[in-house]
Number of protein chains: 2
Amino acid sequence: MGFRFIVAALALLLGAGLGPARAQELVQKQVFEAGAYRTRNGGTIANVRIGYQTMGTLNEARDNAVLITHFFSGNSHAFGRLAAGGPVGYWDAIIGPGRAIDTNRYFVVSSDTLTNLNVPDVNTVTTGPSSINPDTGRPYGLTFPVVSMRDFIEVQKRLLDHLGVRRLALVAGASMGALQVMEWAAAYPEMIDRVMPVIAHDVDPWNLAWLDVWEAPIRMDPNWRQGDYYGQGRQPPLAGLAEALRIVTLQSRDRGWARGLGMRAAEGNDPARNMMDRFAIEKWLDDAATARARTSDANAFLYLVRANQLFFNEYETPEAAFARSQARWLVVPSPGDRVFPIEGVREMVDTLRRVGRPVAVAEVGGPLGHLNGVAGMAPLAERIRVFLAE
Amino acid sequence: MGFRFIVAALALLLGAGLGPARAQELVQKQVFEAGAYRTRNGGTIANVRIGYQTMGTLNEARDNAVLITHFFSGNSHAFGRLAAGGPVGYWDAIIGPGRAIDTNRYFVVSSDTLTNLNVPDVNTVTTGPSSINPDTGRPYGLTFPVVSMRDFIEVQKRLLDHLGVRRLALVAGASMGALQVMEWAAAYPEMIDRVMPVIAHDVDPWNLAWLDVWEAPIRMDPNWRQGDYYGQGRQPPLAGLAEALRIVTLQSRDRGWARGLGMRAAEGNDPARNMMDRFAIEKWLDDAATARARTSDANAFLYLVRANQLFFNEYETPEAAFARSQARWLVVPSPGDRVFPIEGVREMVDTLRRVGRPVAVAEVGGPLGHLNGVAGMAPLAERIRVFLAE
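Since the model is a prediction, treat every value here as computed from it, not as a measurement.

A. Spotlight on the sheet that holds strand β3 (residues 65-69) of chain B. Residues and elements named next belong to chain B. Here we have 8 strands laid out as an open sheet, ordered β1-β2-β6-β3-β9-β10-β11-β12, and mixed in their pairing. Each edge of the open sheet carries a strand with a single partner, namely β1 (30-38) and β12 (359-361). Averaged over neighbouring strand pairs, the angle between their axes works out to 20° when direction is ignored.

So this is what it looks like as C-alpha cells:
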C-alpha cells in the first residue's frame with residue numbers, strides 16, 4: 001500500500017508538471033456515420049459506420065492534417081489513451097504533443113477500416129460481414145460485398161471531408177496501413193505532401209498466396225458454415241480463427257524473438273516421447289492466438305485478406321500506380337521482415353525512383369521482424385521529424 | 001510415327017555412344033531389412049525396413065562412400081532413373097558418372113528415412129505410423145514411437161554397416177537432408193571426411209514453430225481422428241494434409257517464382273466480386289497440394305515434423321554438437337530461402353568457425369528460394385568437384 005501510494009503521488013506530481021500535455025494524451029473514440037456506400041465494384045452497403053480518433057487541431061488553411069492507417073489486426077488506436085491509466089496506442093512513441101508527429105502542430109486522424117477484424121472489441125467501430133443487413137435484419141455474412149483496399153480509402157476520404165481536411169501533410173501506416181498509404185498516394189495524389197509506408201511493399205503474388213494460407217484454417221473449421229455462424233445456438237469458428245491468427249503472429253515475428261522461448265518442452269510435456277505433447281513456443285502461440293480469436297471475427301478476417309489481395313487492383317501495374325503519386329516518400333523496411341521481405345521493399349524503392357518520385361529509406365531494427373514497424377518505431381522519431389520538416 | 005522413329009533411332013545411337021555411362025544411370029530400388037530397432041528414447045519398432053539405392057562401387061579400403069540424405073518430402077531417388085525413360089533423381093545434375101559427385105570414383109548411397117512421407121508411392125520403402133504393428137496386426141498410428149532426427153541416422157548407420165562402408169568421403173543433403181548431414185557430423189565424426197549441408201541451418205525455435213504451423217491443418221481435419229484413420233470405411237485426412245503441403249510448397253518457393261502466376265484471377269473466377277472465388281496462384285497451390293496429398297501419409301507428416309523439431313536434441317547446444325565434427329564443411333545457402341533464412345545460415349557458419357571447423361560457403365541462386373537447393377544445383381557442380389578434391 002505504501003509503495004502504491006508513493007507511485008500514485010509521483011504520477012500525480014509528474015502529471016501536474018506536464019499538465020496540458022497529459023490532458024491532450026487522452027483521446028476519445030468517435031463514430032463517423034458515412035451513410036450508404038457503393039463499393040468500387042458496384043456492391044452496396046446500406047449504412048457505413050467507422051470509428052476514429054483525433055489529436056491536435058485543424059488549422060484555418062485545413063492543411064495540417066496527418067492520416068494514420070492501421071495494420072491488419074489493428075484499429076484506430078495509434079496514439080494516446082482511450083481512458084486514464086489505459087494502454088497507449090501502438091505508435092504513441094512517435095505521435096503526440098512534442099513528438100515526431102507533433103500534435104501541437106498537426107491534426108492527426110486515425111480511423112478503423114471497413115471489415116475491421118476486432119468486431120467484439122468495444123473500442124472498434126466497423127462495418128462488415130457481422131453487421132446487420134437492414135434488408136434482412138440479420139448479419140450479412142458472406143452476402144456482404146467484397147471490398148478492396150481502395151474502398152477503405154474511399155470511406156476514409158469521406159471522413160476527412162466530414163472533418164474539413166483539405167490537404168494531408170502526411171499519410172503514414174505500418175503493414176496493411178502502409179498498403180493504404182500507397183493506395184492513398186495513387187488515388188488522391190494532389191492532396192498529399194508526404195507518405196510514410198512502414199514494413200511493406202506493394203502486394204505481390206507471393207504475398208497474395210500467403211494471405212490465402214493465413215485464412216485457410218477458417219474455411220476448414222466446420223463451425224464456419226460458409227460464413228453463416230452468427231446468431232443463437234451457433235458457435236463461431238474459433239479454432240480455425242485461432243490457427244489463422246497463429247500463422248499471422250509467427251510470420252510477423254522473427255528468429256530473434258523466438259530464441260526467447262527456445263527449443264524446450266512446454267511445462268509438463270514431453271514431445272520427445274508423446275506425439276500429442278507440445279513445445280513451449282507452440283504453447284505460447286496457442287495461448288496468444290486463442291486469446292486474440294475471442295476479440296476477432298472470422299468472416300472479417302476473410303474480408304480483410306481479400307481487400308489485401310485486391311491491392312492496386314484498379315491499376316495496370318504497381319509502377320502505373322506509383323507514377324501517379326506527387327508526394328515525398330519515406331519508406332521504412334525492417335531487415336528481419338518475413339511478411340514483406342526487405343528485398344521486395346528495395347525493389348519498390350527502385351520502382352518509385354524509376355518513375356521519378358523523391359524517396360528516402362530508413363530501416364527499423366529490433367528482434368521482432370515485421371512487428372518492429374509497429375512496436376519499435378521510437379528510434380526513428382528524429383528521422384521522421386526531419387522528413388516532416390523537409 | 002516417322003518423327004518418333006527418328007528420335008528412337010537417335011536415342012539408340014547416342015545410347016550406344018555413351019554405352020556404359022547410360023547403363024550405369026539406371027538404378028535399382030532396394031530394400032534393407034534393419035530388424036528390430038530401439039529408438040534413442042527407448043521406444044521399440046519390431047521390424048524396420050527402409051528403401052535405398054546406390055551407384056558406383058565400394059573400393060577395397062571401403063572409404064570411397066558418399067551418403068545422400070533426403071529432404072522433408074523426398075525419398076532416396078536423388079540420382080539416376082528407376083526405369084528406362086523415367087524421371088531422373090532430384091540431384092542428378094551433380095551425381096552420376098563423370099559428374100561432380102562422380103560415381104566412377106565414389107560409391108553413392110541414398111536411403112529413405114524412417115517415417116517417410118511418401119507412403120503410397122511404390123518407389124518408397126519406409127517404416128512409420130502406417131506400418132503394421134506385429135503385436136496387433138493393425139497399423140501403429142500414433143502408437144508408433146516418436147523418432148528423432150538422430151534415429152534416422154542410426155538406421156542409416158546400420159545400412160552402411162550392412163553395405164560394408166567404413167568411411168564416408170562425403171555426407172550431403174538438402175533441407176531436412178542437411179539436418180541429417182549435421183546430425184551425422186556430430187554422431188560419427190571419426191568416419192566422415194566432408195559434409196555438405198544445403199539450404200539449412202540448425203533448427204532454431206522459429207523453425208520449430210513453423211513446423212507446427214505446417215502440421216496444424218492435419219490435426220484440424222475431422223478425418224484425422226487422432227491418427228486412427230487407416231482401414232476400411234475410413235477416409236484419410238486429405239484436406240488437412242493438402243493444406244499442410246500447400247504451406248510447405250509456398251514457403252519453399254519465393255517471390256520470383258510467384259510472379260510467374262501473377263495477381264490474376266483463376267479462370268472463370270472473379271475474386272473481386274465473389275468471396276468464394278479464387279486467384280490463379282491459389283488454384284495452382286490447391287492443385288499441386290491435392291495431387292501431392294494422394295501420395296503422402298498424414299501421420300508420417302506429423303512424425304517427420306517431430307523428428308525435425310527434435311533436431312540436435314541430444315546435445316546441450318548446437319555449438320556443442322558442431323564442435324564434435326571433424327569434417328571439412330561446404331555450406332550452401334540460398335539467398336531467397338524463406339524456410340531457413342540466409343542470416344541463420346551465416347550465423348551457423350560463424351558458429352562452425354568459432355569452434356574451429358574448416359568451412360567454405362557457396363550460395364545457390366535462382367528464383368525458387370529454398371527449392372533452389374533441390375532443383376537448381378547444377379551451377380555448383382565445379383565448386384563441389386573442387387571441394388571433393390581438397
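Right, picking up where we left off after that structure.
B. Spatial organisation of the sheet that holds strand β6 (residues 107-111) of chain A. Residues and elements named next belong to chain A. Spatially, 8 strands are ordered β1-β2-β6-β3-β9-β10-β11-β12 in an open sheet, and the strand pairing comes out mixed. On the outer flanks of this sheet lie β1 (30-38) and β12 (359-361), each paired with one strand and no other. Each strand of the sheet is rotated relative to its neighbour by a mean of 20°, with strand direction disregarded. Sheet strands in contact with helix α4 (residues 176-187) are β3 (65-69), β9 (168-174), β10 (194-198) and β11 (328-331), and its direction is about 145° off that of β9.

C. Looking closely at the nonpolar core. If you look at the biggest cluster of nonpolar residues, it comprises 188 residues, and the most contacted ones within it are F301(A) and F301(B). Those residues within four positions of F301(A) in sequence are excluded, and the remaining contacts are F72(A), L117(A), W214(A), E215(A), I218(A), L241(A), A244(A), L245(A) and V248(A).

D. Region of the structure containing the relation of the copies chain A and chain B. For the pair chain A and chain B, the relating rotation is 180°, the translation along its axis is 0.0 Å, and the fit reaches an RMSD of 0.0 Å. In symmetry terms, the pair is related by a two-fold rotation axis. Looking at the rotation axis and the C-alpha trace of chain A, the residue lying nearest is P217(A), at 3.4 Å. Looking at the interface residues of chain A, 98% of them are also at the interface in chain B, so both copies use one shared face.

E. Summary view of the interface of chain A and chain B. With 58 residues of chain A in contact, the opposing surface of chain B contributes 57 residues. Summed over both partners, the interface of chain A with chain B comes to about 5400 Å²; 64% of that surface belongs to carbon and sulfur atoms. Interface area lost by chain A to chain B is led by W206(A), R255(A) and M275(A), which between them contribute 16%. Across the contact surface, chain A and chain B share 12 salt bridges. Note that E347(B) is salt-bridged to R255(A), the shortest N-O span being 3.1 Å. Where chain A packs against chain B, one counts 29 residue pairs in polar contact (both at pLDDT 80 or more). Those elements that provide at least two residues to the side of chain A that touches chain B are α5 (205-220), α6 (238-251), α7 (255-259), α8 (280-294), α9 (298-309) and α11 (342-354) of chain A. A class-by-class count of the residues in the side of chain A that touches chain B yields 31 nonpolar, 9 polar and 18 charged.

Quick notes on the rules
- Residues numbered from 1 in each chain as written.
- Chains lettered and ligands numbered in written order.
- Predicted model: local features only at pLDDT ≥ 70, side-chain atom pairs only at ≥ 80, totals over all residues.
- Heavy atoms only, no water.
- Pairing = 2+ DSSP bridges.
- Helix = DSSP H or I, 4+ residues; strand = E, 2+ residues; numbered from the N terminus.
- Axes fitted to C-alpha atoms, helices over the stretch in contact; angles between N-to-C directions.
- Contact = heavy atoms within 4.5 Å.
- Core = buried A, V, L, I, M, F, W, Y, C linked by side-chain atoms within 4.5 Å.
- Buried < 20%, exposed > 50% of the residue type's maximum accessible area, 1.4 Å probe, protein only.
- Least-squares fit on C-alpha atoms with pLDDT ≥ 70 in both.
- Buried area = accessible area lost by both parts, 1.4 Å probe.
- Salt bridge = Lys/Arg side-chain N within 4 Å of Asp/Glu carboxyl O.
- Polar contact = N/O pair within 3.5 Å; in protein donor to acceptor, adjacent residues only side chain to side chain.
- Nonpolar A, V, L, I, M, F, W, Y, C, P; charged D, E, K, R; others polar.

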